Amino acid sequence: MKKFLAVIMFALMLTTTARAAEFEMVEYSAQVKLQWLAAAGIPEAQNFLKLIERPVFFTADNLNDFKRLEMANALYQELNMNAAMEFVREKNYQNVFDLACSLSPRAMLLGDEGRKVVVGELQTVCLIGDWCVDEFGKKAKKNVSYDAFWLQDRRGMMASADKFNGEICIIEQGVIIYLTPEVRSQMFYNIRDVLKKHGGCMITSDFTQKKYFTDVAAALYGEENSATIYNETKAMYEKVFEDKILDDDLQNEQEAMEFLKVHGLRAVKYPLFTVMPNLYIFNKLTPAQIEKVNEISMKNYLWVITAL
Ligand SMILES: C[S@@+](CC[C@H](N)C(=O)[O-])C[C@H]1O[C@@H](n2cnc3c(N)ncnc32)[C@H](O)[C@@H]1O
């Protein structure tokens, strides 16, 4: 009996240590994303960052090439946030399931429009997110909730999805590079089950993120600098994550389509925007840079995924 209890205690200790490490990484990665959105000039992101009262994670003092990384990441994040919101608005989805959304004002903005939004995140991010919704959402307070579950947890994801009535637009951006192939695979099976049961689609740019981010960097600083900015950004995220990120996985279109098929899903490629919105970051760009961003907006970087 004693031996059995010791084994249980040891297993519990291991789980707690792994979770603590994951939580730290997670909080930081969620916060870094918010930092870029605030740097783009998005007032809601700036409010959000003020509310959580934490020092920004990266500055010119601790990150080489800070200015270029800040601008490239700010632009990429603002494009991503808006591409998803514009898609939801165009198709007028009333139900939005934002998976691994981090600390993002997107949920609040969509909630304030009267849409029901559930953010699926890890516990610590949910605690901060919920509190911020209460602080500055208008209608969002009523419409947005943060649900804590792991993406690989089928029951957790389905229980959350079951709160919706009608078709769901699942948004997922920027998380698959952090997941092991096993976790990633389980997440896509879970998403298939949610879409089969409720209908709707999932939108993501994860299968094009490498090319897409490189294009963003090139729009700002020229083709000749884009690979360096991509690699420096990758190194920055690996520092936050304290591990390698899997950014090469599923970046080949055929391979990604095959992966989706195996998981009972199919994708159609869409341009990021049908009409380019006026982004806050445009206030900081030259006309030539804005022209390049407009060209990116027409590329098929958004994948709309449905159940087979
Ligand atoms: C870099 S952020 C994702 C970026 C964000 N979705 C975007 O639009 O750019 C990674 C987020 O995924 C969440 N996350 C990571 N692993 C997860 C898992 N296994 N289950 C649920 N959430 C997870 C983290 O809490 C973190 O907020």
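Everything numeric here is computed off the predicted structure, so don't read it as measured data. (Residues numbered from 1 in each chain as written. Predicted model: local features only at pLDDT ≥ 70, side-chain atom pairs only at ≥ 80, totals over all residues. Heavy atoms only, no water.)

**Some words on the overall build of the chain**
- In terms of helices and strands, the chain carries 12 helices and 7 strands.
- Relative to a compact globule of 308 residues, whose C-alpha radius of gyration would be 19 Å, the chain shows 19 Å and is just as compact.
- Over its C-alpha atoms, taken along the principal directions, the chain stretches across nearly 70 × 45 × 45 Å.
- Sorting the 308 residues of the chain into buried and exposed places 55% on the buried side.
- When the accessible surface of the chain is summed, it comes to about 14,300 Å², and 55% of that surface belongs to carbon and sulfur atoms. (Helix = DSSP H or I, 4+ residues; strand = E, 2+ residues; numbered from the N terminus. Rg over C-alpha atoms; globule rule 2.2 N^0.38 Å. Buried < 20%, exposed > 50% of the residue type's maximum accessible area, 1.4 Å probe, protein only. Areas by Shrake-Rupley, 256 points an atom, 1.4 Å probe, with all protein chains shown as cover.)

**Some thoughts on the sheet that holds strand 7 (residues 302-307)**
- Reading across from one edge, 3-2-1-4-5-7-6 is the order of the 7 strands in this open sheet, with mixed pairing throughout. At either margin of the open sheet sits one strand with a lone partner, and together these are strand 3 (144-148) and strand 6 (265-270). Taken over all neighbouring pairs, the strand axes of this sheet differ in orientation by 25° on average, direction set aside.
- Pairing geometry for strand 2 (residues 116-121) and strand 3, over 5 bridges, is parallel. Note on strand 3: the bridge partner recorded for G120 is D147.
- Running over the sheet, helix 7 (residues 154-161) touches strand 1 (95-99), strand 2, strand 3 and strand 4 (168-172) and is turned about 155° from strand 1.
- Along the sheet face, helix 8 (residues 181-198) touches strand 1, strand 4, strand 5 (200-204), strand 6 and strand 7 and points at about 165° away from the line of strand 4. (Pairing = 2+ DSSP bridges. Axes fitted to C-alpha atoms, helices over the stretch in contact; angles between N-to-C directions. Contact = heavy atoms within 4.5 Å.)

**Considerations on empty space enclosed by the protein**
- Under the counting rule described, the total for this entry stands at 1 cavity of 30 Å³ or more.
- By volume, the largest cavity is sized at about 100 Å³.
- In terms of lining residues, the largest cavity is bounded by A83, E86, F87, E90, K91, Y270, P271, L272, F273, T274 and L302.
- It is helix 3 (residues 66-91) that contributes the most residues to the lining of the largest cavity, 5 residues altogether. (1 Å grid on protein atoms, 1.4 Å probe; cavity = no way out; pocket = protein on both sides within 12 Å on 5 of 7 lines; lining within 4 Å. Points joined across faces, edges and corners; volume = space filled by probe spheres on them.)

It is worth stressing that arrangement in space is one thing and function is another; only the former is reported here.
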